[in-house]
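The chain contents come next:
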Amino acid sequence: LYNLGLALKGLREYDDAVTKFREVIVRHPNHIGALNNLGTTLNGPTNKDEALSSLKKAADLAPEEYVIAYNLAKRQADYHEWENAEENYKNVLKINKNFEPANTNLANLMRDTGRLEEAIVIYGKLLSSTSLLSSTHSNYIANLNYVCEGDNDFIYRESREWSRRHSATKHTISSAFKNERVPDRRLKIGYVSPDFRWHSNNYFFEPLLFSHHSENVETYCFSDNQYDDEATKDLIRSADNWRSILGMTDSEAVNLIRKDKIDILVDLTGHMANNRLTMFSLKPSPIQVTWLGYPNTTGLAAIDYRLADDITDPEGDTDKHHSEKIFRIPDGFLCFRPPEVTPKIVNPPCKENKYITFGSFNNIAKLARVTIDNWAKVLHETPGSRLYLKALALSSQTAKESIYHSFEKLGISRDRIDLAPRVTSTEEHLSLYRKIDIALDTFPYNGTTTTFEALWMGVPVISLMGQRHASRVGGSILLRLKLNEFVAA
């Protein structure tokens, strides 16, 4: 039964694999392999308790098996049990200090809980490894966008280094593309993402997918989702064709894409988590584009274009920091579709409170030291004002204490700061904007979805324009809405 479960898991028949692992555990409650594989195969929020309890039991039964402890830590991080995950990653590294996945995920956890500088140190140490994983290297590059404002040449060089080390250019499939060369036929456009589910990107991607002109374009979604949800079902309905590439090797995915004769393949992830850039380096499509999910160059020669606009990426210096040709969309590089049901807009809370509440709902990895320094000045210069922050990682006591401590060092007492964790529903999330008078955009890594949401709920957003895409998105949004006075230079 156990080996059948493993075979089903290898065939990506996950529901059937879960059934077999459960059967094994009923007959043999201490079967370490079944407990471990059940915990790593179960997905989605409804399976949280069973996944974690299975892995905890496996780890207790085999304390010397650091890979099981790593699996437990990874799932704890997935389910936002931050302190437990950190402890278990550190336990893994006590047994095997060179286990790269544990080092990488510990760095990611530190980033997500507001300790970005500590995370960068860990990534930096990993770069010297000759067996460096492409995903680890991508994490390092993605995180440079949070801290290296103005040093665009450095990020470009590091991105090109990623390509040099991980691109499969030597193994690129060399056979000619079999796409039909007929001028008036429908174009086949494919999109690749691990986030075809409830994810902030889909506020921008779903309306695009839905609005493609079917007489001109046939759409394909190549999904690398770990699990699907209701948002996935909406995307499936909007796409002409749906393919899962979860668990496929790069070569298998390339063969599938080439078999479909995709004309233009669009990467929606860049160097963010679970990307398939190594697959794109094999050139599965004659034209390849990157857009939306990542605010900088991929560094890959195999990707031809990056979609942006003339505010996020002004002509001139930005071009020389890209391996891709920047294609600037005249009216902005994205368009936001708000949720169908949103709360009623109310008067700003200062009317009743008699003081100003500033706020931000961006993830706390974006709260760079320079951001906190400037927000502290804003609070000092606005008597009686308060700051309201909401983020997923603020369920972590470690993250909360880190923020309190950062502001206290700058003379802002913790009783002027309200910290709130993520809420379950979109409507509840949007309702919390009623607590804010003025939203402050993060920098050098601006918000995007959060900026649109605040504006949609009637809350003004103040954004500082920087020197690259990540620090100019807020300006792009506000200037196109003719809210020029909300953009600071």
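Residues numbered from 1 in each chain as written. Predicted model: local features only at pLDDT ≥ 70, side-chain atom pairs only at ≥ 80, totals over all residues. Heavy atoms only, no water.

**Student:** What is the right way to look at the overall build of the protein in this model?
**Tutor:** The helix and strand tally for the protein stands at 21 helices and 13 strands. Over its C-alpha trace the protein gives a radius of gyration of 23 Å, about what one expects of a compact globule, namely 23 Å for 489 residues. Its C-alpha atoms put the protein at 65 × 65 × 45 Å along the principal axes. Taking contacts inside the protein between residues at least 6 apart in sequence as the whole, the part at least 24 apart equals 63%. (Helix = DSSP H or I, 4+ residues; strand = E, 2+ residues; numbered from the N terminus. Rg over C-alpha atoms; globule rule 2.2 N^0.38 Å. Contact = heavy atoms within 4.5 Å.)

**Student:** Explain the packing of aromatic side chains here, please?
**Tutor:** Aromatic ring pairs: the centre-centre distance and the angle between the two ring planes describe each pair. This structure, assessed with the given rule, holds 15 aromatic pairs. With centroids separated by 4.9 Å and ring planes inclined at 65 degrees, the aromatic side chains of Tyr-191 and Phe-205 adopt a geometry described as edge-to-face. Of this pair, Tyr-191 sits in strand 1 (residues 187-193) while Phe-205 sits in helix 11 (residues 202-211), placing them 14 residues apart in sequence. Exposure class is identical for Tyr-191 and Phe-205. Each is buried. Pairing Phe-204 with Phe-336 gives two aromatic rings, centres 5.8 Å apart and planes at 50 degrees, and the pair type is tilted. Here the residue Phe-204 occupies a position in helix 11, and Phe-336 occupies one in the loop between strand 7 (325-328) and helix 16 (350-353), the gap between them amounting to 132 residues. Looking at Phe-204, the relative accessible area reads 4%, which means it is buried. Under the relative-accessibility criterion, Phe-336 is labelled buried at 13%. The structure contains a cluster of three or more aromatic residues connected by ring pairs, namely Tyr-66, Tyr-70, Tyr-89 and Phe-99. When the ring centre of Phe-177 is taken as origin, the NZ or CZ atom of Arg-258, which lies over that ring, is 4.0 Å away. It is Lys-390 that lies over the ring of Phe-361; its NZ or CZ is 5.3 Å from the centre. (Phe/Tyr/Trp six-rings, centres within 6.5 Å; stacked < 30°, edge-to-face > 60°. Buried < 20%, exposed > 50% of the residue type's maximum accessible area, 1.4 Å probe, protein only. Lys NZ or Arg CZ within 6 Å of the ring centre and 35° of its normal.)

**Student:** Can you walk me through a nonpolar patch on the surface in this structure?
**Tutor:** Together, Ile-287, Tyr-305 and Phe-327 line one region of the surface with nonpolar side chains, adding up to about 260 Å² of accessible area. Structurally, Ile-287 can be placed in strand 5 (residues 287-290). Looking at Ile-287, the relative accessible area reads 35%, which means it is partly exposed. (Patch = residues over 30% accessible without salt bridge, like charges linked within 9 Å, V, L, I, M, F, W, Y side chains within 5 Å. Areas by Shrake-Rupley, 256 points an atom, 1.4 Å probe, with all protein chains shown as cover. Salt bridge = Lys/Arg side-chain N within 4 Å of Asp/Glu carboxyl O.)

**Student:** Honestly, the pairing of strand 2 (residues 217-223) in this entry has me stumped. Any pointers?
**Tutor:** Side-chain direction in a regular strand flips from residue to residue, so the side chains alternate between the two faces of the sheet. A large share of strand 2 lies buried, amounting to 7 of its 7 residues. Residues of strand 2 alternate between two faces, with Val-217, Thr-219, Cys-221 and Ser-223 on one and Glu-218, Tyr-220 and Phe-222 on the opposite face, all of them buried. Relative to strand 2, strand 1 runs parallel, the two being bridged by 7 bridges. Bridged to Leu-187 within strand 2 is Val-217. (Pairing = 2+ DSSP bridges.)

**Student:** Can you help me understand the sheet that holds strand 10 (residues 417-420) in this one?
**Tutor:** Each strand in a sheet pairs with another by means of backbone hydrogen bonds, the pair being arranged parallel or else antiparallel. As summarised here, the arrangement of the 6 strands in space is 10-9-8-11-12-13, forming an open sheet in which the pairing is parallel. Of all strands in the sheet, those bounded by a partner on one side alone are strand 10 and strand 13 (487-488). Looking at chain direction, strand 12 (residues 461-464) and strand 13 are connected through 2 bridges and run parallel. Following the sheet pairing, Leu-464 is matched in strand 13 by Ala-488. With respect to the sheet, helix 18 (residues 397-408) is in contact with strand 9 (386-390) and strand 10, its orientation differing from that of strand 10 by roughly 160 degrees. (Axes fitted to C-alpha atoms, helices over the stretch in contact; angles between N-to-C directions.)

**Student:** Looking at this structure, how should I read the sheet that holds strand 1?
**Tutor:** Spatial strand order, 3-2-1-4-5-6-7: 7 strands in an open sheet with parallel pairing. Strands with a single pairing partner mark the edges of an open sheet, and in this sheet they are strand 3 (241-244) and strand 7. In this sheet, adjacent strand axes meet at a mean angle of 25 degrees when their direction is disregarded.

**Student:** What should I look at first to understand the nonpolar core in this one?
**Tutor:** Ranked by internal contacts, the top residues of the largest apolar core, which has 67 residues, are Tyr-89 and Phe-407. Aside from chain neighbours lying at most four places away, what touches Phe-407 is Ile-372, Trp-375, Ala-376, Leu-379, Leu-387, Ile-412 and Ile-417. If you look at the next biggest cluster of nonpolar residues, it comprises 23 residues, including Cys-221, Ile-264, Val-289 and Phe-336. (Core = buried A, V, L, I, M, F, W, Y, C linked by side-chain atoms within 4.5 Å.)

**Student:** Mind showing me how you'd approach the pattern of salt bridges here?
**Tutor:** Opposite charge on two side chains permits pairing when their charged atoms draw close. Within the structure shown, the criterion is met by 28 salt bridges. The partner of Asp-112 in a salt bridge is Arg-111, with the nearest N and O atoms 2.9 Å apart. Ionic pairing is found between Arg-369 and Glu-117, a salt bridge with its closest N-O pair at 2.6 Å. Taken together, the positions of Arg-369 in helix 17 (residues 369-381) and Glu-117 in helix 8 (residues 116-126) put the pair 252 residues apart, joining distant regions of the chain. In this structure Glu-117 comes out as partly exposed when scored by relative accessible area, which is 48%. One network of salt bridges, in which partners are shared, links Glu-86, Lys-90 and Arg-115.

**Student:** Where do I start with helix 8 in this structure?
**Tutor:** Side chains of residues three or four places apart in an α-helix project in the same direction, reflecting 3.6 residues per turn. Among the residues making up helix 8, those that are buried are Leu-116, Ala-119, Ile-122, Tyr-123 and Leu-126. Angular distribution of buried residues about the axis of helix 8 spans 120 degrees; they occupy a single face of the element. Of the surrounding secondary structure, the elements contacted by the buried residues of helix 8 are helix 7 (100-112) and helix 9 (134-147). (Arc of directions from axis to C-beta.)

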